Amino acid sequence: MPKNQSIINKKHIARGEVVRRQTLIIQYIALAIIVVVVGLVAYGFLSTTVLLPYRTVASVNGDKITMREFQGRVRLQRIQLINNFNQYYQFAQMFGSPDPLNDPNFGQVLQQVYSDLQDPLAVGGQVLDDLIDERLIRQEAKKRGIVVDEAAVDRYIQSQFGYFADGTPTPAPSSTPFNLPTLNPTQLALVTITPTPAPPTPDLTSTPTSAPTATATPTEGPTATAFPTATPYTLDGFQVNYDSTISDLQQNTQLSAEDYRAFFETLYLREKLLEEIVADVQPFEENIWAQHILVGSLDEANDVLRRFANGEDWNELAATYSLDESNAQNGGDLGWFNSDIQFVTEFKDAVFSLQLGEISAPVQTQFGWHIIRVLGREDRPVDDQRFAELKERAFAAWLIEIRAQADIQKFDLWQEHVPTEPALQ
């Protein structure tokens, strides 16, 4: 073979090997791209189906809330809203309302519930906030050494279903009735009108006068037919109801029996934690007695203040200048009120910042300019229902503080997967 031909053949062989290797590399890259694409598609499919329930929608100090728990609780919330809607709708029908949604007594509630059911993001957001609060409660209970008493949780669940192993608990006696206090010298020096008090609580501690005992012999007549005795609600009856509820939940919400029990455990821990957090809350509430003069401009308000400082009578100034016709002739008297009073924010903040006998600078609201005078501030005893409300408020305020200090992360994923079922029929 000629020497030149040998060289050419070697070059061809080398070039062919390079081409073969390049072809293999291109094939491997193409295969890798196909594998990646298929993997991404498969992951996308799995992440929205098989893996979706295990994905994280929020984290509370490292404690994760999964999509499964979130979606189950949203469905449970929707069931509760639907039950509320149906209950109020039936009430309206029972009272003969031809149009329950526009009924003056029940229409507003029905429309609000209906609106909530049509807004999945609002329902989902509330449920997610509730789950975050529940995580915080469990974490704080653990810090304080409050543990789950399984037997106590069993009794708690039974009570929620109306079963009491030791009989229905006797309601606690109500708080001491409240009597209107006598005005102190400072108040008497300030006021020349009679305040509008809240009605006193009836005195339920006095022994009622016994009714006269009947002495007449009843006329004989047919013996009344005895009604059948109600079947006692037994532990077995409770268990049947509980098992039925669990079965319905699993079908309609995908929550398990363990999820349901954990929900009640959290409620139990919340009660125990609340007892510790609000231990210092007393059955008393501050009440304020105030007057105000409402005018149309800042100049008028300053003029009223100047006149009062120069010795003019408050009541005469109110009668002459106040635009509040409901009380202008009574010194602008607002009576006694507590923190539940429905004043506009600017007015409420001002009146609760004043001390006894203090007069405010002009306060502007949507109604005009107010001059406020506080005639009384005192703590008054509250009944059991109000005391429970005050404790709940104190606990809610504490929870807000704990929440602000916690490491909480929400992931937008939940917004894409808020259940809209069950739907209102």
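Everything numeric in this text was worked out from a predicted model, so none of it was measured. (Residues numbered from 1 in each chain as written. Predicted model: local features only at pLDDT ≥ 70, side-chain atom pairs only at ≥ 80, totals over all residues. Heavy atoms only, no water.)

Student: Mind showing me how you'd approach the overall build of the chain here?
Tutor: Assigned secondary structure in the chain consists of 12 helices and 7 strands. Relative to its 425 residues, the chain shows a buried fraction of 31%. A fraction of 74% describes how many contacts in the chain between residues 6 or more apart in sequence connect residues 24 or more apart. Entry remark: accessible area of the chain is about 27200 Å², with carbon and sulfur atoms responsible for 55%. (Helix = DSSP H or I, 4+ residues; strand = E, 2+ residues; numbered from the N terminus. Buried < 20%, exposed > 50% of the residue type's maximum accessible area, 1.4 Å probe, protein only. Contact = heavy atoms within 4.5 Å. Areas by Shrake-Rupley, 256 points an atom, 1.4 Å probe, with all protein chains shown as cover.)

Student: Even after reading the chapter, I still don't get the packing of aromatic side chains, so can you show me in this structure?
Tutor: To describe a pair of aromatic rings, one takes the distance between the centres and the angle between the planes. In the structure shown here, the tally under the stated rule is 21 aromatic pairs. With a centroid separation of 6.3 Å and an interplanar angle of 65 degrees, the aromatic rings of Y156 and F264 are classed as edge-to-face. Placement of Y156 in helix α5 (residues 150-160) and of F264 in helix α8 (residues 257-277) is noted, with a sequence separation of 108 residues between them. In this structure Y156 comes out as buried when scored by relative accessible area, which is 13%. Plain terms: the ring middles of F395 and W398 are 5.3 Å apart, the flat faces sit at 35 degrees to each other, and that makes the pair tilted. (Phe/Tyr/Trp six-rings, centres within 6.5 Å; stacked < 30°, edge-to-face > 60°.)

Student: Would you take a moment to explain helix α3 (residues 107-117) for this structure?
Tutor: Residues that lie three or four places apart on an α-helix share one face, since the helix turns once every 3.6 residues. Taken together, the buried positions of α3 are G107, L110, V113 and L117. An end-on view of α3 places all buried positions within 135 degrees of arc, on one side of the element. Where α3 is buried, its residues meet α2 (67-94). (Arc of directions from axis to C-beta.)

Student: Please clarify how the sheet that holds strand β2 (residues 63-66) should be interpreted in this entry.
Tutor: Where strands meet in a sheet, backbone hydrogen bonds hold them as pairs that are either parallel or antiparallel. If you trace the 3 strands from one edge of the open sheet to the other, you get β2-β1-β7, paired in antiparallel fashion. Unpaired on one side and paired on the other, β2 and β7 (408-410) mark the two borders of the sheet. With direction set aside, neighbouring strand axes in the sheet form an average angle of 20 degrees. The pairing of strand β1 (residues 56-60) with β7 spans 3 bridges and is antiparallel. Directly across from S59, in β7, lies its bridge partner Q409. (Pairing = 2+ DSSP bridges. Axes fitted to C-alpha atoms, helices over the stretch in contact; angles between N-to-C directions.)

Student: Looking at this model, I keep getting lost on the sheet that holds strand β4 (residues 333-337). Mind explaining?
Tutor: Read from one edge of the open sheet, 4 strands run β4-β3-β6-β5, paired in antiparallel fashion. Only two strands of the sheet have a single neighbouring strand rather than two, namely β4 and β5 (363-365). Across this sheet, the average inter-strand angle for adjacent strands is 35 degrees, counted without regard to direction. Direction of pairing for strand β3 (residues 284-295) relative to β4: antiparallel, over a ladder of 3 bridges. Following the sheet pairing, I288 is matched in β4 by F337. Against the sheet, helix α10 (residues 314-321) engages β3 and β6 (368-381), with an angle of about 55 degrees to β3.

Student: Please clarify how a nonpolar patch on the surface should be interpreted in this entry.
Tutor: Taken together, the side chains of I25, I29, I33 and V37 define a hydrophobic patch exposed on the protein surface, amounting to about 370 Å² of accessible area. Along the polypeptide, I25 turns up in helix α1 (residues 3-47). (Patch = residues over 30% accessible without salt bridge, like charges linked within 9 Å, V, L, I, M, F, W, Y side chains within 5 Å. Salt bridge = Lys/Arg side-chain N within 4 Å of Asp/Glu carboxyl O.)

Student: What am I meant to see in the nonpolar core here?
Tutor: The tendency in soluble globular proteins is for nonpolar side chains to be buried as a group. Counting 51 residues, the largest nonpolar core has V57, I65, F70, L128, L136 and F395 as the members making the most contacts within it. In contact with L136, other than residues within four places in its own chain, are V60, N61, L399, I402, R403, A406 and I408. If you look at the next biggest cluster of nonpolar residues, it comprises 10 residues, including F337, A350, L354 and I372. (Core = buried A, V, L, I, M, F, W, Y, C linked by side-chain atoms within 4.5 Å.)

Student: Before we go on, may I ask you to explain the pattern of salt bridges in this structure?
Tutor: Note on pairing: side chains with opposite charge can pair once their charged atoms come close. In total, this model carries 24 salt bridges according to the counting rule given. A salt bridge links R144 to E140; the shortest N-O distance between them is 3.0 Å. Note on E140: relative accessible area 11%, which makes it buried. Here R380 makes a salt bridge to E378, at a shortest N to O gap of 3.3 Å. Accessibility classification places R380 together with E378 in one group, the buried group.

Student: Would you take a moment to explain the pairing of β2 for this structure?
Tutor: For a regular strand, side-chain orientation follows a simple rule: the groups alternate between the two sheet faces. As paired elements, β1 and β2 share 4 bridges and run antiparallel to each other. The partner of V60 across the bridge, within β2, is D63. Between β1 and β2, which pair antiparallel one after the other, the connecting turn spans 2 residues, and N61 there sits at a positive phi close to 50 degrees.

Student: How should I be thinking about the packing of α2 against helix α4 (residues 120-143) in this particular structure?
Tutor: When two helices pack together, their arrangement is given by the angle between the helix axes and by the axis-to-axis distance. Axis separation between α2 and α4 bottoms out at 9 Å; the angle between their running directions is 115 degrees. In the crossing of α2 with α4, the sense of the turn from one axis to the other is right-handed. Between α2 and α4, the contacting residues are E69, F70, R73, V74, Q77 and L81 on the first element and V123, G124, V127, L128, L131, E134 and R135 on the second. When the residues that make up the contact of α2 with α4 are grouped by side-chain class, the tally is 7 nonpolar, 2 polar and 4 charged. (Left-handed = near helix turned anticlockwise from the far one by under 90°. Nonpolar A, V, L, I, M, F, W, Y, C, P; charged D, E, K, R; others polar.)

Student: Help me understand the confidence of the model for the chain in this model?
Tutor: One rule of thumb: low pLDDT means the predicted coordinates there are not for detailed reading. Taken as a whole, the chain shows an average pLDDT of 83; of its residues, 79% reach a score of 70 or greater. Confidence scores differ between elements of the chain, with helix α6 (residues 185-190) showing the lowest mean pLDDT of 47 and β7 the highest of 97. Here residues 174-227 is modelled with pLDDT under 50, and outside its nearest four sequence neighbours on either side it reaches 52 contacts, counting other chains as well. (pLDDT = per-residue confidence, 0-100.)

Student: In this structure, what is going on with α10? I would like to understand it.
Tutor: Considered for burial, the residues of α10 that qualify are W314, N315, L317 and A318. Around the axis of α10, the buried residues are gathered within 160 degrees of arc, so they sit on the same side. Of the exposed residues in α10, those oriented more than 90 degrees away from the buried face are E316 and T320. Residues of α10 that are buried sit in contact with β3, α9 (298-309) and β6. A side-chain oxygen of the first residue of α10 lies 3.0 Å from the backbone nitrogen of N315; this N-cap is D313. (Polar contact = N/O pair within 3.5 Å; in protein donor to acceptor, adjacent residues only side chain to side chain.)

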